[in-house]
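Examining the three-dimensional arrangement
As a plain string of letters, each chain reads:
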Amino acid sequence: MAKLTVGALRAVLAVVLAGTVFVQALMVWALATDPEDGTLPLTPLRVIAILGMVSVQVTVVCVWRLVTMVRRGTVFSHAAFRYVDAVIGAIVAAALLWFAVTVLNAPGQRADPGVTVIMGGIALAILGVALIVLVLRMLLAQAVARDVEAAQMEAELGEVI
């Protein structure tokens, strides 16, 4: 991976991480100081926003670690699976949180249920992203298996020679 690409990705990840921490701080501040006015269930929505930011933060940290592994040439190892699994879990958690937002928002959308349907579709799309990452994990597993197999063949060939 080119140094420029890694640097750009890390810059984006750092900005996203800082942004999520900022949003979390605002949500905690709002939980502590801003009372509910009764039109929307603000407290659950704020808690969901805080948890949603945690799922983004987990993903950012795991992607950072995977990029580091790519730079070191160690990404095709069993150590990479824990980071990929954490990303999948964070994406599934984000989908479930979005579904919770959809449920909380649904009573206010009785006159226009299309909004709720669209929000449910977004939750399904987020789950689709988790499935894509799961497929990529399977590809990583195949690459790791091939790498192990190649190392064994190389060792056997070294013994023969």
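This report concerns the structure included in the present document.

What counts and how
Residues numbered from 1 in each chain as written. Predicted model: local features only at pLDDT ≥ 70, side-chain atom pairs only at ≥ 80, totals over all residues. Heavy atoms only, no water. Core = buried A, V, L, I, M, F, W, Y, C linked by side-chain atoms within 4.5 Å. Buried < 20%, exposed > 50% of the residue type's maximum accessible area, 1.4 Å probe, protein only. Helix = DSSP H or I, 4+ residues; strand = E, 2+ residues; numbered from the N terminus. Contact = heavy atoms within 4.5 Å. Axes fitted to C-alpha atoms, helices over the stretch in contact; angles between N-to-C directions. Parallel < 35°, antiparallel > 145°, perpendicular 65-115°, else oblique. Salt bridge = Lys/Arg side-chain N within 4 Å of Asp/Glu carboxyl O. Polar contact = N/O pair within 3.5 Å; in protein donor to acceptor, adjacent residues only side chain to side chain. Expected span 1.5 Å × (residues − 1). Left-handed = near helix turned anticlockwise from the far one by under 90°. Nonpolar A, V, L, I, M, F, W, Y, C, P; charged D, E, K, R; others polar. 1 Å grid on protein atoms, 1.4 Å probe; cavity = no way out; pocket = protein on both sides within 12 Å on 5 of 7 lines; lining within 4 Å. Points joined across faces, edges and corners; volume = space filled by probe spheres on them.

So, about the nonpolar core. Counting residues in each nonpolar core, the largest one holds 15 residues, and the members touching the most others are Leu66, Met69, Ala80, Val84, Val133 and Leu140. Those elements that place two or more of their residues in this core are α2 (42–72), α3 (79–105) and α4 (114–160). Look past the residues within four positions of Val84 in its chain and what remains in contact with it is Leu66, Val133, Arg137 and Leu140.

Before going further, it helps to spend a moment on the packing of α3 against α4. The relative placement of two packed helices is expressed as an angle between their axes plus a distance between the axes. At a closest axis distance of 9 Å, the pairing of α3 and α4 adopts a crossing angle of 170°. As the angle between them shows, α3 and α4 are arranged roughly antiparallel.

Right, let's talk about the pattern of salt bridges for a bit. Across all of its chains, the model carries one salt bridge by this definition. The shortest N-O distance in the salt bridge between Asp85 and Arg137 comes to 2.5 Å. Within this pair, whereas Asp85 is found in helix α3, its partner Arg137 is found in helix α4, the two being separated by 52 residues in sequence. According to the relative accessible area criterion, Asp85 is partly exposed, its value standing at 35%.

The next thing to look at is the side chain of Gln57. Within the secondary structure, Gln57 is located in helix α2. For Gln57, a relative accessible area of 14% puts it in the buried group. At 2.7 Å, the side chain of Gln57 forms a polar contact with the side chain of Gln24. Sequence-distant contacts of Gln57, that is, excluding residues within four places in its chain, are made with Leu17, Thr20, Val21 and Gln24.

Moving on, we come to α2. Here α2 is 31 residues long and its end C-alpha atoms lie 45 Å apart, about the 45 Å a rise of 1.5 Å per residue gives. In the segment just after α2, Gly73 is the residue with positive phi, at about 80°.

Here we take up the packing of α2 against α3. Where α2 meets α3, the axes come as close as 9 Å, and the angle between the chain directions of the two elements is 160°. Between α2 and α3, the angle falls in the class roughly antiparallel. Like other packed secondary-structure pairs, α2 and α3 cross with a definite hand, here left-handed. Contact with α2, carried on its side by Pro44, Leu45, Ile48, Leu51, Gly52, Ser55, Val58, Thr59, Cys62, Arg65, Leu66 and Met69, involves Ala79, Ala80, Tyr83, Val84, Ala86, Val87, Ala90, Ala94, Leu97, Ala100, Val101 and Leu104 of α3 and no other residues of that element. Residues of the contact of α2 with α3, tallied by class, amount to 20 nonpolar, three polar and one charged.

When its volume is computed, the largest pocket comes out at roughly 350 Å³. Taken together, 14 residues form the lining of the largest pocket, with Leu66, Val70, Val75, Val84 and Leu140 sitting closest to its centre. If you list the elements that add at least two residues to the lining of the largest pocket, you get α2, α3 and α4. Of the residues belonging to the lining of the largest pocket, the class tally is 13 nonpolar, no polar and one charged. Quantified by volume, the second largest pocket comes out at close to 160 Å³. In this structure, the second largest pocket is lined by Ile48, Ala49, Gly52, Met53, Ser55, Val56, Ala94, Leu97, Trp98, Val101 and Ile126. For the lining of the second largest pocket, the elements supplying multiple residues, two or more each, are α2 and α3. The element contributing the most residues to the lining of the second largest pocket is α2, with six residues. Across the lining of the second largest pocket, the residue classes tally to nine nonpolar, two polar and no charged.

That is the geometry; function is a separate question.
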